[in-house]
Every structure is written in C-alpha cells, then in structure tokens.
Amino acid sequence: MSLITSPESILHIALDAMDRTADPRLRTLISSLTKHLHEFILENQLSESEFERALQFIVGLGQATGKNTNEVVLAADILGLSSLVSTMNNLDASGASFAALLGPFWRANAPICAWGDDISRTNLGGQAMEVRGCILDESGKPISGATVDVWQSSPLGFYENQDQSQDEMNLRGRFETNAEGKFFFKTIRPAGYPVPTNGPCGELLRAQDRHPNRPAHIHFMISKSGYKVLITQVFDGTDENLLSDPVFGVSEHLVGSFTRDAVTGVCHLIHNFVLQSGEMRFPAPPIP
Ligand code: BEZ
Ligand code: FE
C-alpha cells in the first residue's frame, strides 16, 4: 500500500486495498461504487459539514425505519433508483417493461381469495370497483394457475397497516388465474396518497420543492413456477399526478383505464400482464 500524496491518490490506494475481495461481483460493485463516490466528492468539492449532513441523512433513514414503514426503501424510491432497477431488469424483446417498483407496503401472506372475491373487508365507503385481466407468457399464451397478489390504498389513501380503522390485511389478497389465465376481483377504487413525509425523505422532498403525492394505483405481484416474479402497479390514467409521481413508477404500459359505469357507478379496470420465463424469486418483504 502506498502513502497518500493528494486527494485524488486516495481512490487508487482504496481500490488497491479492495483488490483481494474473493467474490468477483462484490469486488466489481464495491470498487465501482467507491470510484463514483470519490469522483462525486471531488467534482462537488464536498465540504466537511456537507459530508456530515449526508451521513446524518443515512443514519436518519435507519432510525425512521420501523414496523410499518421502510425509509431506506423510500429513499431509493424518491431518487428513482428502485424504478431504475425494476425497469432495467424486466425489459421485453421490444425494450418495454411491465414492471414497477415494489414500494414499502407489500406484505407476504395476504389472504388467499376465490374468483370474484371482494378484498374490501372493512366498510370504508368509496366507489365499488371490479378488476379483471389475463396473465400471458411471452408468446401470448394464457398462464393458468398463476398467483396474482394485489394490494392497494383505501379511498382515503391509506394502506391497512397505516390506518387503525381498517381490518388486518384489508385491501390485500391473492387470487389464482383460471384455465384461461384470467383473474377477477372486487374492491373499492383506491385514492392517490402521499409517500411518508415525516422522516428524512420528506425533508428532502420539501427541500427540492417536490410534492409527495403518488397517483392512485393498484399493486400486483404475479408469480408462477418457471416464470420471473412480475412486480408491478397499474395507475389510474385520470389522476392529476400521473406525470409527477414522486417515486417515478409510471411507465407507458402501466397506465390503466379506470372507467366508471354511468349506470351502476362501478369502476372497471381490465389489464393484462406478460410474464417472462425465468426463476421464480420473491423479494424480501419491506415490512413484516
Ligand atoms: C407504494 O406504491 O406503495 C409506494 C411506493 C414508493 C413509496 C411509497 C409508497
Ligand atoms: Fe402504493
């Protein structure tokens, strides 16, 4: 190891020290990250107080993470990193992605439901909604027996675990596609909602003059053995925040047609999804 001769020399010394990392992927990733961070600090001539503030921000993310919220995931979301990872890793042959970020509110083990069940288990008022769709493989063939795990906010914009007035697992459910690859469930129309703003991420959004309001959406996690797990969201195409999602989740394929029937008052959504062949691997739940 050589001695430091200038600010720039520290990077080379640090990279040399990391060279013995046995795992080649870990070596590549940490070395690359280190290089970009050194370049960022040099390029912006980071002051000592700015560096301290950045470290405090990261400590704050951990401290604000708890049973019902994951501020670390939220930080990745509001920087566009979660959307980048999910979009980049789920491109189809034409370069399109049906995937979107997981978000902090997915819970494993949502109730198993039957065809047409209503996932609205607490009476919250709001607009009745019916959601239908078909799960297809890349050649357009329907996939039967796929699990369609759905979760959404209430008409007031709260997930069940953020809201004492909702029953456990309200507005969450797992459905199975039928022989034609189709699913169908009833629910209530979700509202848009602000991402949590009481932690360091909220402070950053305010400093950047960005609003925290996500456009209304329903989350889907679709799985079947032999296919990559598709994690995605379908957005209400009429929402005023469609083009200013604070977590950058809205891509072309994910704008849904939430259509209210003038006679019955029921809102309908029909949306199909394509699964890619691959390993079925579930994410770690951001909250228990
Ligand atoms: C969500 O869609 O549930 C979500 C995503 C990112 C941040 C907060 C919430
Ligand atoms: Fe959400």
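The structure contained in this document is the topic of the report that follows. (Residues numbered from 1 in each chain as written. Chains lettered and ligands numbered in written order. Predicted model: local features only at pLDDT ≥ 70, side-chain atom pairs only at ≥ 80, totals over all residues. Heavy atoms only, no water.)

Remarks on the overall build of the chain
Here is step 1: Looking only at helices and strands, the chain features 6 helices and 12 strands.
Here is step 2: When the backbone C-alpha atoms are referred to their principal axes, the chain occupies close to 75 × 40 × 30 Å.
Here is step 3: In the chain, the share of contacts with a sequence separation of at least 24, taken over all contacts with a separation of at least 6, comes to 72%.
Here is step 4: Carbon together with sulfur atoms contributes 57% to the accessible area of the chain, which is approximately 15,500 Å² in total.
Here is step 5: Across the chain, the mean location of the 22 positive side-chain charges is 6 Å away from that of the 33 negative side-chain charges. (Helix = DSSP H or I, 4+ residues; strand = E, 2+ residues; numbered from the N terminus. Contact = heavy atoms within 4.5 Å. Areas by Shrake-Rupley, 256 points an atom, 1.4 Å probe, with all protein chains shown as cover. Lys, Arg positive; Asp, Glu negative; His and termini not counted. Charge placed at Lys NZ, Arg CZ, Asp CG, Glu CD.)

Let's talk about a nonpolar patch on the surface
Here is step 1: Together, Leu 26, Leu 29, Ile 30, Leu 33 and Leu 37 line one region of the surface with nonpolar side chains, adding up to about 430 Å² of accessible area.
Here is step 2: Note on placement: Leu 26 falls in helix H2 (residues 24-43). (Patch = residues over 30% accessible without salt bridge, like charges linked within 9 Å, V, L, I, M, F, W, Y side chains within 5 Å. Salt bridge = Lys/Arg side-chain N within 4 Å of Asp/Glu carboxyl O.)

Things to note about the side chain of Ser 153
Here is step 1: Mapped onto the secondary structure, Ser 153 falls in the loop between strand S2 (147-152) and strand S3 (172-176).
Here is step 2: Separated by 2.9 Å, the side chain of Ser 153 and the backbone oxygen of Ala 191 make a polar contact.
Here is step 3: In contact with Ser 153, not counting residues within four places along its chain, are Phe 158, Tyr 159, Leu 171, Pro 190, Ala 191 and Tyr 193. (Polar contact = N/O pair within 3.5 Å; in protein donor to acceptor, adjacent residues only side chain to side chain.)

Description of the pairing of S2
Here is step 1: Burial within S2 is extensive, with 5 of its 6 residues counted as buried.
Here is step 2: For S2 and S3, the ladder comprises 5 bridges, and the chain directions are antiparallel. Across the sheet, residue Val 148 finds its bridge partner in S3, namely Phe 175. (Buried < 20%, exposed > 50% of the residue type's maximum accessible area, 1.4 Å probe, protein only. Pairing = 2+ DSSP bridges.)

What about the coordination of the iron ion (ligand 2)?
Here is step 1: Protein-derived ligands of the iron ion (ligand 2) are Tyr 159 (OH), Tyr 193 (OH), His 217 (NE2) and His 219 (NE2), with the metal-ligand distances lying across 1.8 to 2.1 Å.
Here is step 2: Its 6 donor atoms give the iron ion (ligand 2) angles of 55 to 160° at the centre, a pattern that matches the irregular case.
Here is step 3: Sequence spacing among the residues donating to the iron ion (ligand 2) works out to Y-x33-Y-x23-H-x1-H. Separated by 58 residues along the polypeptide, Tyr 159 in the loop between S2 and S3 and His 217 in strand S7 (residues 217-223) bring together distant segments of the chain.
Here is step 4: Look at Tyr 159 and you get buried, because its relative accessible area is 0%. (Donors = N, O, S within 2.8 Å, 3.2 Å for Na, K, Ca; no water. Tetrahedral: all angles 85-135°; square planar, octahedral: opposite > 155°, others 65-115°.)

As for the site of ligand 1
Here is step 1: Taken together, 13 residues lie near ligand 1, and Asp 77, Tyr 193, Arg 214, His 217 and His 219 sit nearest.
Here is step 2: In this structure, Tyr 159 approaches ligand 1 through a side-chain N or O atom, which is 3.3 Å from an oxygen atom.
Here is step 3: Note that an oxygen atom of ligand 1 is positioned 2.9 Å from one of the side-chain N or O atoms of His 219.
Here is step 4: Taken by itself ligand 1 offers 270 Å² of open surface, and the protein chains cover 100% of this.
Here is step 5: Residues that form the shell around ligand 1 fall into these classes: 7 nonpolar, 4 polar and 2 charged. (Near = heavy atom within 4 Å. Nonpolar A, V, L, I, M, F, W, Y, C, P; charged D, E, K, R; others polar.)

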